[in-house]
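Listed below, chain by chain, are the residues.
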Amino acid sequence: MSILIFILIVFILVFLYIIFFVINPLINLTQEMNKIKLDNFGEKVPVNSKDELGDAIKSFNRMTDLLKFEATEKENYQKELLQINKNLENLVNERTVELNIRNLELQKNNNEVLNFANIVSHDLKSPLLNIIGFSEEISDNLNELELLIKELYRQSCIRNKE
């Protein structure tokens, strides 16, 4: 009977050891893992042993620290990116306003140039029409003038022969 009690006590001690040093750390580790799934990095899992389970918990804690750091960095970069985007939007809006103002100025200048071109065109049409009319008159009389010059030349040749 004393052996049975001794075995029972050993069994209870082993059971408690397993619960305290294996099951509880695994439960804690599992709970922290579930928190990480939700982007909640929680607290470090306490290391109660120096065996493989303790090494796994230490590695998990280092990984959690690294994830916290990276999440913080990511959040900072996102804030910085949002600020840069906001600044870029403001810059684009400012440049758009400047370009619209410049575009209106260019349209005004273009209209002035078109008006000037119309005035110059009109002012040049009148003399050109006169020149065209005079040229047509000369062209019409050119045939007669040519015949007259040929006749004068012929008569001049006849007189020179005499």
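Since this is a predicted model, take the numbers as computed values, not measurements. (Residues numbered from 1 in each chain as written. Predicted model: local features only at pLDDT ≥ 70, side-chain atom pairs only at ≥ 80, totals over all residues. Heavy atoms only, no water.)

Peer 1: Would you explain the pattern of salt bridges in this entry?
Peer 2: Side chains that carry opposite charge are capable of pairing whenever their charged atoms lie near each other. Scanning the model with the defined rule gives five salt bridges in all. As a salt-bridge pair, Arg 95 and Glu 98 come within 2.7 Å of each other at their nearest N and O atoms. Of the two residues, Arg 95 and Glu 98 both sit in helix α2 (residues 52–161), three residues apart, roughly one turn of that helix. Classification of Glu 98 by relative accessible area gives partly exposed; the value is 42%. (Salt bridge = Lys/Arg side-chain N within 4 Å of Asp/Glu carboxyl O. Helix = DSSP H or I, 4+ residues; strand = E, 2+ residues; numbered from the N terminus. Buried < 20%, exposed > 50% of the residue type's maximum accessible area, 1.4 Å probe, protein only.)

Peer 1: I would appreciate a short explanation of the environment of Asn 118 in the present structure.
Peer 2: Its location among the elements puts Asn 118 in helix α2. For Asn 118, a relative accessible area of 52% corresponds to the exposed category. Measuring from C-alpha to C-alpha, the distance between Asn 118 and Thr 30 comes to 86 Å, with 88 residues separating the pair along the chain.

Peer 1: Please clarify how the environment of Phe 21 should be interpreted in this entry.
Peer 2: Inspection of the secondary structure puts Phe 21 in helix α1 (residues 2–37). The class for Phe 21 is partly exposed, based on a relative accessible area of 24%. Between the C-alpha atom of Phe 21 and that of Tyr 153, which follows or precedes it by 132 residues, the distance is 139 Å. Not counting residues up to four positions away in its chain, the partners in contact with Phe 21 are Asn 48 and Leu 53. (Contact = heavy atoms within 4.5 Å.)

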